[in-house]
Amino acid sequence: MAMRNAYVDQFPAEARVIRATLWSSFLALAIGGTLGLIQGLHRTDVLRFIDSTDYYTVLTAHGVLLVITFTIFFLVGIFTWAVTTSLDRGVEDIRFTWGWYIMMVVGTILVGVSILGGVVEQIPMNADVLFTFYAPLQAHPAFYVGLVLFVVGSWLAGADWFRTWWAWKKDNPDERIPLPTFMALTTMLFWYLSTLGVAISILAFLLPWSLGIIDSVNPLLTRTLFWFFGHPVVYFWLMPAYMLWYIMLPKVSGGKLFSDPLARVVFVLFLLLSTPVGIHHQYLDPGIAEGFKFIAMTNTMFLLLPSLLTAFTVVASMEHGARQRGGDGYLGWLKALPWRDPVFTGMALAGLMFAAGGFSGMINAGLNINYLVHNSWWVVGHFHLTVGTAVALTFMAASYWFMPQLTGKELWNRSVALVQVVLWFIGMTFMSNAMHRAGLFGMPRRTAEPQYQGFNFEPAVGTVGEINAQVALGAVLLTISVYLFIVNMVLTSVGGSSSDAIPDNTYAGTLSGAEDSPVILDNLKLWTSIAAVLVIIAYSLPLASIIDAGGLFGPGIDAWEPGVVVDPNLALESIRGVMP
Ligand code: HAS
Ligand code: CU
């Protein structure tokens, strides 16, 4: 027993908090995933057992639980692991660590209950506002307060890691920041910068408006502040996945990270460029001049660079690993990779799908081509490859390594884990491909009954029935995959006894290490200042002109509360009535 060196042996107190964050994350995944199945079957008209008016409550819960709760609870746990492991030092005060975790839980409960109010009559609240919560859609104040608590909790988590790093720096004044810590800190820096947008939007406008303190808001302003945060948040989900690709994937491939300097450059570029691009979600918003949209597009295209660098570095590291394992030839080395290891296969398939998701992202980012795909099902296809696979599948695959580290118990079943990650890949291939195609012929996103009345979409190739069948099949496979994952995690934690066979808690070595990285890369103050300047350049004029045109508190727009409808059937009838 004394020989074992798993994370739980090194940092038992931290391991407990991380277990709590992961379980919170998995619970959100299980519920959010189930809701996804309901929507997939409803939209495609395969099986409709909820009311179409409840579709938006379900969709809001699905979106919030998966892209906010699942992802962020997971990443705060994994960053805590990364910082403590790479600094070889526990957090400064474990009560503080529990403090931010509990704050995030309370925030989640408030948000969850207020959304649930949309379908449970006994709860006098509603928040059917989708995860983008655009005004004039209005939620119960509890929804906004919950979001604020959750985000502030994540800020404190970052403060926790900075404190740990500062303490370490005092003891190690001349050392380079270890790579995993560097990745967590740079990610947090752009998170602080970008969440200012959503904090202002909620605290200054949406919350007072929903409390009745102010009568109206300027929807374009709150929308723009949302996307100020809404784009960087996608990299907040992605960076922990990238971190795992850089420091775990080479290791499980049997090799070393190709280049520490390149990895640092990548994270610095994300710090610089994640925020001044948010307007690429608003290409079709009237009220923002084309020139500002063009600047957002240019910045977005530059932002492709760190992902392309990542593709190169990560694949090169995998190739190095494969060659260490005896692989050879131009592509023959691919066969030498450990395809039977679910940790490896899950992450590699996630990377492969991200290559496709990245391409659809490039298409979204084109100012003129965006007109073709915006608000269509294409966009939903795009983000199920990115956050729904690159991030989600990487997190699940990594859990097969982490859960044993955190519990000291062996994984319940590796074969089930392998089936699970492959099933995700297959299910998502069906679903996302069909969604992209549907978007191209104009099928809208966020619509319970997209076939409308007496109207049919005409795809150039294939039929709508075939596309719907693929989406429904994909949704079923993905749901089975989620459940297999949850079962494996539960049985790993509750069953089995402590095992000596848990591998040591280590991450990949490097071929070209920190000593090859220019020292300036570690100058976090410099990069943060430049990032702030870029944000000011990209946003000050657009925001000024939005406020100038529409006023700080808007021209007096009535709130629209979808949930206050007394008789949903009546409402649906009246919507149908106005349709041609
Ligand atoms: Fe996006 C909309 C542009 C990346 C998420 N995006 C969304 C929405 C979400 C989202 C949730 O410009 C919808 C929001 C809403 O509700 O309205 N996106 C981009 C661009 C990128 C991009 C340019 N998106 C992401 C990531 C996300 C995400 C990452 C989540 C995690 N996106 C847009 C635009 C819109 C948009 C517009 C608005 C659309 C509209 O009209 O509404 C880029 O960052 C992508 C760069 C990626 C690459 C790929 C590199 C490949 C790699 C793979 C390496 C391979 C490995 C495996 C490791 C260039 C790194 C090898 C395996 C072997 C076996 C060898
Ligand atoms: Cu974006």
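Position numbers for residues count from 1 along each chain, tracking the sequence in the order it is written. Chains and ligands are labelled sequentially in the order written, the chains with letters from A and the ligands with numbers from 1. The model is predicted, so local features are restricted to residues of pLDDT at least 70 and side-chain atom pairs to those at 80 or more, both for listing and for counting; the totals for chains, interfaces and linings are taken over all residues. Based on all heavy atoms of the structure, the side-chain values leave hydrogens and waters out of the count.

An unreviewed UniProt entry lists the protein chain under the name B(O/a)3-type cytochrome-c oxidase subunit 1, with Haloarchaeobius amylolyticus given as the organism. UniProt positions are given in the numbering used here, feature names are shortened, and annotations may be inferred rather than shown by experiment. In UniProt, the protein chain has this text filed under Sequence similarities (unreviewed entry): "Belongs to the heme-copper respiratory oxidase family." Word for word, the UniProt comment on the protein chain under Subcellular location (unreviewed entry) is "Membrane".

1. Some remarks on the confidence of the model for the protein chain
Across the chain, each position has a pLDDT score giving the predictor's confidence in that residue, from 0 to 100. For the protein chain, per-residue confidence averages 93 on the pLDDT scale, and 95% of positions sit at 70 or higher. We call two residues in contact whenever any of their non-hydrogen atoms come within 4.5 Å of each other. Below pLDDT 50 for its whole length, residues 563-568 participates in six contacts with residues either more than four positions away or in separate chains. A low-confidence stretch, residues 570-580 stays under pLDDT 50, and its non-local contacts, those more than four residues away or across chains, total six contacts.

2. Focus on the coordination of the iron atom of ligand 1
In this structure the iron atom of ligand 1 is ligated by exactly one protein donor, His-382 (NE2), at 2.2 Å. The donor set comprises N, O and S atoms within 2.8 Å of the metal, extended to 3.2 Å for Na, K and Ca; water molecules are omitted, so apparent gaps in a site may simply reflect that omission. Taken as a pair, the iron atom of ligand 1 and the copper ion (ligand 2) lie 4.4 Å from each other. Position of His-382 among the secondary structure elements: in helix 14 (residues 377-407). Numbered from the N terminus, helices here are DSSP runs of H or I no shorter than four residues, and strands are runs of E no shorter than two.

3. Description of helix 15 (residues 414-440)
In this analysis, the expected span of each helix is defined as 1.5 Å times one less than the number of residues it contains. The end-to-end C-alpha distance of helix 15 is 39 Å, a good match for the 39 Å that 27 residues give at a rise of 1.5 Å each. At the N-terminal boundary of helix 15, the capping side chain belongs to Asn-413, with an oxygen 2.9 Å from the backbone nitrogen of Ser-415. Where helix 15 terminates, the next one or two residues include Gly-442, which has phi positive at roughly 95°. N or O atoms closer than or at 3.5 Å make up a polar contact, with two conditions inside protein: a donor-capable atom paired with an acceptor-capable one, and, for residues adjacent in sequence, both atoms drawn from side chains.

4. Focus on the coordination of the copper ion (ligand 2)
Bound to the copper ion (ligand 2) are the protein donor atoms His-231 (ND1), His-280 (NE2) and His-281 (NE2), situated 1.9 to 2.1 Å from the metal. Here the donor residues of the copper ion (ligand 2) are spaced in sequence according to H-x48-H-H. On the basis of relative accessibility, which here comes to 5%, the residue His-231 falls in the buried class. Working definition: with a 1.4 Å probe on protein chains only, accessible area under 20% of the residue-type maximum means buried, over 50% means exposed, and in between means partly exposed.

5. Looking at the packing of aromatic side chains
Stacked, tilted and edge-to-face pairs are distinguished by plane angle, under 30 degrees for stacked and over 60 for edge-to-face with tilted covering the rest, among Phe, Tyr and Trp rings (Trp via its six-membered ring) whose centres lie within 6.5 Å. The final tally for this structure, using the stated rule, is 41 aromatic pairs. Measuring from centroid to centroid gives 5.2 Å for Phe-133 and Phe-226, while their planes differ by 85°, and the two rings are edge-to-face. Of this pair, Phe-133 sits in the loop between helix 4 (94-116) and helix 5 (141-171) while Phe-226 sits in helix 7 (residues 219-230), placing them 93 residues apart in sequence. Both residues of the pair, Phe-133 and Phe-226, belong to the buried class. Ring plane angle 85° and centroid distance 5.1 Å describe the contact between Trp-401 and Phe-402, whose orientation is recorded as edge-to-face.

6. Concerning unusual backbone geometry
The residue after Ala-135, namely Pro-136, is reached through a cis peptide bond having omega 10°. Inspection of the secondary structure puts Pro-136 in the loop between helix 4 and helix 5. The phi dihedral of Asp-88 is positive, around 55°, even though this residue is not glycine. Relative to the assigned elements, Asp-88 resides in the loop between helix 3 (55-87) and helix 4. We classify Asp-88 as exposed; its relative accessible area is 61%. Even without a glycine there, the phi angle at Phe-133 is positive, about 30°. The exposure class assigned to Phe-133 is buried, which follows from its relative accessible area of 7%.

7. As for the site of ligand 1
Any residue with at least one heavy atom within 4 Å of a molecule or strand is counted as near it. Around ligand 1 sit 37 residues, and of these Tyr-235, Asn-370, His-374, His-382 and Arg-445 come closest. At 2.8 Å from an oxygen atom of ligand 1 is found a side-chain nitrogen or oxygen belonging to Asn-370. The set of elements that each furnish at least two residues to the shell around ligand 1 consists of helix 8 (232-247), helix 11 (290-324), helix 12 (342-365) and helix 14. With 10 residues, helix 12 is the single largest residue contributor to the shell around ligand 1. Residue type decides the class: Asp, Glu, Lys and Arg count as charged, Ala, Val, Leu, Ile, Met, Phe, Trp, Tyr, Cys and Pro as nonpolar, and the leftover types, Gly among them, as polar. A class-by-class count of the residues in the shell around ligand 1 yields 24 nonpolar, 12 polar and one charged.

8. Looking at the side chain of Thr-492
Topologically, Thr-492 is positioned in helix 16 (residues 464-494). Not counting residues within four places of it along the chain, the set of residues in contact with Thr-492 comprises Met-403, Lys-409, Glu-410, Leu-411 and Trp-412.

9. As for the pattern of salt bridges
For this document, the term salt bridge refers to a Lys or Arg side-chain nitrogen within 4 Å of an Asp or Glu carboxyl oxygen. The final tally for this structure, using the stated rule, is 12 salt bridges. Across the pair Asp-285 and Arg-223 runs a salt bridge whose closest N-O atoms are separated by 2.7 Å. Of this pair, Asp-285 sits in the loop between helix 10 (260-273) and helix 11 while Arg-223 sits in helix 7; the two residues are 62 residues apart in sequence, bridging distant segments of the chain. Take Arg-223: its relative accessible area is 19%, and that puts it in the buried class. Among the ionic pairs, Glu-319 bridges to Arg-323, the shortest N-O distance being 2.7 Å. Residue Glu-319 and its partner Arg-323 are both found in helix 11; the two are separated by four residues, about one turn of the helix.

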